[in-house]
Amino acid sequence: MKEFIQSLPKIELHLHIEGTLEPELMLELAERNNVRIPFNSIAEIKNAYNFHNLQSFLDIYFQGADVLINEQDFFDLTWAYLLRCQEDNVLHTEVFFDPQAHTERGICFDIVVNGIHRALVKATTELGISSKLIMCFLRHLDEESAFKALESAHVHKDKIIAVGLDSTEVGNPVGKFERVFKQAIEQGFLTVAHAGEEGPAHNIHDALNLLQVSRIDHGVRCSEDENLVKQLITERIPLTVCPLSNIKLNVFEHMELHNIVTLLRRGVCVTINSDDPAYFGGYMTDNFLAVNDAHSLSKTELAQFTFNAIDASFISKSEKKQLKMLTQRYLDLHQ
Ligand code: HPA
Ligand code: ZN
């Protein structure tokens, strides 16, 4: 089963590029850019990755991002992630970035986008990995700051397919960004939002109704509202679930208690994703393995996560058809 999972074609839809910053690269960039960080070794960095909830993680995550200064840094970060995608047979990835985490400390928006984009383009030709880029607004910041980010994104419209919403969920209701999302939709951006990770099922309703999202990031707390689960099934609204993240941040106590397999078997369009793999101890294959270890899935069920992700992705119909054929062929060959 391990080999089946390792080589299974995968699609990633919930990945924060800043969350792929491995300790080795963090130290290298700190030195290259003369940025002081409160760590002297890889062991010290890894020791600090002891999270008890979302906020305790976010504090470390934003601190880590401080070493990213130049366009080349954003390129190197993204390229390292794409090489990991190749190892895990991730064929398509939809990548989040947090521009405000950088512009707030004086880094130009264009530097961030151009560095990430250059790596994504290179991966298309050199690794055969396709991608989309999604700009997230930080929900702990105010509406005005989000509007500024949206304005900066305007000249990069060709590089950014959608806007999203991340960072501290509790205390920052979706409604705070209704007007920003409305404007983004008018400008032709698709929308997604983190909801129902630490916050209640009600936040998922709000994201669907107020932000017109195409899919929900996390969304695991939907199980608290049976009518919502039924709606997700009948309207085939995707959830981009991040199993290892949910365990590391105590959304579920352990993987056996995670609801992703129950949701899958009920017909919800759930997908497996890595969120912030450098911080949560695993990339795509690791997430699939962790779910399978705790829940014993069939090969058909494991492949269903990929079929769901293809449906939920922002690629064209013909690209979806091609990826589905390829995944079906893999499944047929290994049954
Ligand atoms: N939730 C909210 N914000 C985030 C996350 C997450 O899992 N990862 C990076 N920013
Ligand atoms: Zn996330």
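The structure under discussion appears in the preceding block.
As a starting point, this report considers the structure included with it.

### Some details on the coordination of the zinc ion (ligand 2)
Four donors placed tetrahedrally around a metal ideally meet at 109.5 degrees, and six donors placed octahedrally ideally meet at 90 or 180 degrees.
At step 1: For the zinc ion (ligand 2), the protein coordination sphere consists of His14 (NE2), His16 (NE2), His194 (NE2) and Asp275 (OD), at 2.0 to 2.3 Å.
At step 2: One way to put it: the four donor atoms around the zinc ion (ligand 2) meet at angles of 81 to 173°, and that makes the site irregular.
At step 3: All donors to the zinc ion (ligand 2) come from one chain, and their sequence spacing reads H-x1-H-x177-H-x80-D. Pair check on accessibility: His14 and His16 agree, each one buried.

### A few points about the site of ligand 1
At step 1: Residues in contact with ligand 1, as listed here, are His16, Leu54, Phe57, Leu58, Tyr61, Asp166, Ser167, His194, Glu197, His218, Asp275 and Asp276.
At step 2: At 2.8 Å from a nitrogen atom of ligand 1 is found a main-chain nitrogen or oxygen belonging to Ser167.
At step 3: In this structure, an oxygen atom belonging to ligand 1 sits 2.7 Å away from a side-chain N or O atom of Asp275.
At step 4: Most atoms of ligand 1, that is more than half of them, are within 2 Å of grid points of the largest cavity.

### Some details on unusual backbone geometry
At step 1: Of note, Ser167 is a non-glycine position whose phi angle comes to about 75°, a positive value.
At step 2: With respect to the element layout, Ser167 can be found in the loop between β4 (162-166) and α9 (178-186).
At step 3: Judged by its relative accessible area of 7%, Ser167 falls in the buried class.
At step 4: Positioned with a positive phi, Ser296 is a non-glycine residue whose angle comes to about 45°.
At step 5: Examined against the element boundaries, Ser296 turns out to sit in the loop between α15 (284-295) and α16 (299-312).
At step 6: Owing to a relative accessible area of 57%, Ser296 belongs among the exposed residues under this scheme.

Conventions we followed
- Residues numbered from 1 in each chain as written.
- Chains lettered and ligands numbered in written order.
- Predicted model: local features only at pLDDT ≥ 70, side-chain atom pairs only at ≥ 80, totals over all residues.
- Heavy atoms only, no water.
- Donors = N, O, S within 2.8 Å, 3.2 Å for Na, K, Ca; no water.
- Tetrahedral: all angles 85-135°; square planar, octahedral: opposite > 155°, others 65-115°.
- Buried < 20%, exposed > 50% of the residue type's maximum accessible area, 1.4 Å probe, protein only.
- Near = heavy atom within 4 Å.
- Polar contact = N/O pair within 3.5 Å; in protein donor to acceptor, adjacent residues only side chain to side chain.
- 1 Å grid on protein atoms, 1.4 Å probe; cavity = no way out; pocket = protein on both sides within 12 Å on 5 of 7 lines; lining within 4 Å.
- Sits in = over half its atoms within 2 Å of the grid points.
- Helix = DSSP H or I, 4+ residues; strand = E, 2+ residues; numbered from the N terminus.

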